[in-house]
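Observations on the three-dimensional arrangement
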Amino acid sequence: MSDAVRDSTLLMGVHGVLTRHPWLAPPEGASEADVDLFGLAVSRAEVYGWSSTLLGAGMELGGSRWGHNDAGEDWTQDGRVREIGWLQVDVPSHLNRQRLPVLPVATVLGDALRQVGDIRVTGVHTVAPVHLAPDPAAAFLYAAGWYELAAPGAVRQITVTVSGRDAELAGRAGRIREEVLACTYGCMTVEPQTTAVDLPGLALPLTGEVQTEGMHRALAFCCRVPVWSLDAAAWTTEVFVEALRVTGTAEPVLITVSG
């Protein structure tokens, strides 16, 4: 088994524009932010009970979903799309049938960023250890019911891409599309696109160069989702993780969702 397959890293980057709250602006003459995303993410995850920064027995708590590795941010105040926050975590190899913590990580990132300023999310990229993803059972049925309540006028067209090291990934596009449609219960449309699509909602280069080394973009889809939000981007990511798992992907991939 290769090192790539054994890698348990889940890394998510949120892209968009953050306008800092005026009361949290850096002191006059200071170039560094007076708050950082890593500390905010650790604090928020601890409140939810999703992780533990304690050593020894503390890391074995039943509710722990990940171990923190790193985090960072680009809060440049120029109105341009930036990677406004990213979080890298280590996913336990035995999740006790818990799904990969895609939505929890997105929730922690969203909470932390909104504590610093107002955000407009334009894209999300995720390095996902698909080989650690268990069968989600009926979870996606509940998720579809949630998004069915969105206002009709909130429908948004987005672009999803999948990159990986699997040379056969591109050949499974049709099956992956069918699985995504099955997971979303009519709440999402999915159409294959050329892999040369433009992704203006992402700020390049994406964080995670080490984890994505050797990956190539194999798939791109044009999707219509009931609403656009960080939460909806996490849901989209998770259904593509499941579609990849079911159709035979057994190593990490890079999934981008751009609105």
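I will try to describe carefully the structure that is included in this document. (Residues numbered from 1 in each chain as written. Predicted model: local features only at pLDDT ≥ 70, side-chain atom pairs only at ≥ 80, totals over all residues. Heavy atoms only, no water.)

Helix and strand content of the protein: 6 helices and 8 strands. In the protein, the succession of α and β elements from N to C terminus is α-β-α-β-β-α-β-α-β-α-β-β-α-β. Each of the 259 residues in the protein was classed as buried or not, and the buried ones make up 52%. Nonlocal contacts in the protein, meaning residues at least 24 apart in sequence, comprise 82% of its contacts between residues at least 6 apart. Put simply, the protein shows about 12,100 Å² of open surface, and 53% of that area lies on carbon and sulfur atoms. (Helix = DSSP H or I, 4+ residues; strand = E, 2+ residues; numbered from the N terminus. Buried < 20%, exposed > 50% of the residue type's maximum accessible area, 1.4 Å probe, protein only. Contact = heavy atoms within 4.5 Å. Areas by Shrake-Rupley, 256 points an atom, 1.4 Å probe, with all protein chains shown as cover.)

Our focus in this paragraph is the pattern of salt bridges. Under the defined criterion, the tally for this structure stands at 8 salt bridges. Notably, a salt bridge pairs Glu-238 with Arg-99, separated by 2.4 Å at the nearest N-O pair. Linking Glu-238 in helix H6 (residues 230–246) with Arg-99 in the loop between strand S3 (82–90) and helix H3 (102–116), this pair joins segments that are 139 residues apart in sequence. In this structure Arg-99 comes out as partly exposed when scored by relative accessible area, which is 29%. Through salt bridges with shared partners, one network takes in Arg-44, Asp-111 and Arg-114. (Salt bridge = Lys/Arg side-chain N within 4 Å of Asp/Glu carboxyl O.)

The side chains of a regular strand alternate between the sheet's two faces. Counting buried residues in S3 gives 8 out of 9 residues, a clear majority hidden from the surface. As judged from the 8 bridges shared by strand S1 (residues 9–20) and S3, these two strands associate in the antiparallel manner. Bridging across to S3, Gly-16 finds its partner in Arg-82. One ladder, built from 5 bridges, connects strand S2 (residues 67–72) with S3; its direction is antiparallel. For Gly-67, the partnering residue across the bridge sits in S3 and is Asp-90. (Pairing = 2+ DSSP bridges.)

For the coordinates displayed, the defined rule picks out 4 aromatic pairs. With centroids separated by 4.3 Å and ring planes inclined at 20°, the aromatic side chains of Tyr-48 and Trp-50 adopt a geometry described as stacked. Taking the relative accessible area as the measure of exposure, Tyr-48 reaches 34% and is therefore partly exposed. Between the aromatic rings of Tyr-147 and Trp-235, the centroid separation amounts to 4.3 Å while the plane-to-plane angle is 20°, which identifies the pairing as stacked. One end of the pair, Tyr-147, is in helix H4 (residues 139–147); the other, Trp-235, is in helix H6, and 88 residues separate them in sequence. Judged by its relative accessible area of 7%, Tyr-147 falls in the buried class. The rings of Tyr-48, Trp-50 and Trp-66 are connected pair by pair, giving a single aromatic cluster. The ring centre of Phe-140 lies 5.9 Å from the NZ or CZ of Arg-99, which sits over that ring. (Phe/Tyr/Trp six-rings, centres within 6.5 Å; stacked < 30°, edge-to-face > 60°. Lys NZ or Arg CZ within 6 Å of the ring centre and 35° of its normal.)

Along the polypeptide, Thr-212 turns up in the loop between strand S6 (189–192) and strand S7 (216–225). Under the relative-accessibility criterion, Thr-212 is labelled buried at 18%. Setting aside chain neighbours within four positions, we find Thr-212 in contact with Val-127, Arg-165 and Leu-254.

One finds Ile-176, Phe-240 and Ile-255 to be the most contacted residues of the largest nonpolar core, which totals 64 residues. A total of 10 residues in this core trace back to one element, the largest contributor, which is H6. When sequence neighbours within four positions are dropped, the list of residues in contact with Phe-240 reads Val-160, Val-162, Ile-176, Val-180, Val-190, Phe-221, Cys-223 and Ile-255. Of all hydrophobic cores here, the second largest spans 9 residues; its members include Val-127, Leu-202, Met-215 and Ala-220. (Core = buried A, V, L, I, M, F, W, Y, C linked by side-chain atoms within 4.5 Å.)

What follows covers the environment of Ala-144. As for its position among the elements, Ala-144 is in helix H4. Take Ala-144: its relative accessible area is 2%, and that puts it in the buried class. Residues Ala-144 and Pro-226 lie 82 residues apart in sequence; the distance between their C-alpha atoms is 9.7 Å. Sequence-distant contacts of Ala-144, that is, excluding residues within four places in its chain, are made with Thr-184, Tyr-185 and Cys-187.

One open sheet accounts for 8 strands, arranged S2-S3-S1-S4-S8-S5-S7-S6; its pairing is antiparallel. Where the open sheet ends on each side, the last strands, each with one partner, are S2 and S6. Each neighbouring strand pair of the sheet contributes to a mean axis angle of 25°, computed without reference to strand direction. Sheet topology note: the strand S4 (residues 117–128)/strand S8 (residues 253–258) ladder contains 6 bridges and is antiparallel. Of the residues in S8, the one forming a bridge with Ala-128 is Val-253. Relative to the sheet, H3 contacts S1, S3 and S4, its axis offset from that of S1 by approximately 25°. (Axes fitted to C-alpha atoms, helices over the stretch in contact; angles between N-to-C directions.)

Any functional reading would require information that these geometric values do not contain.
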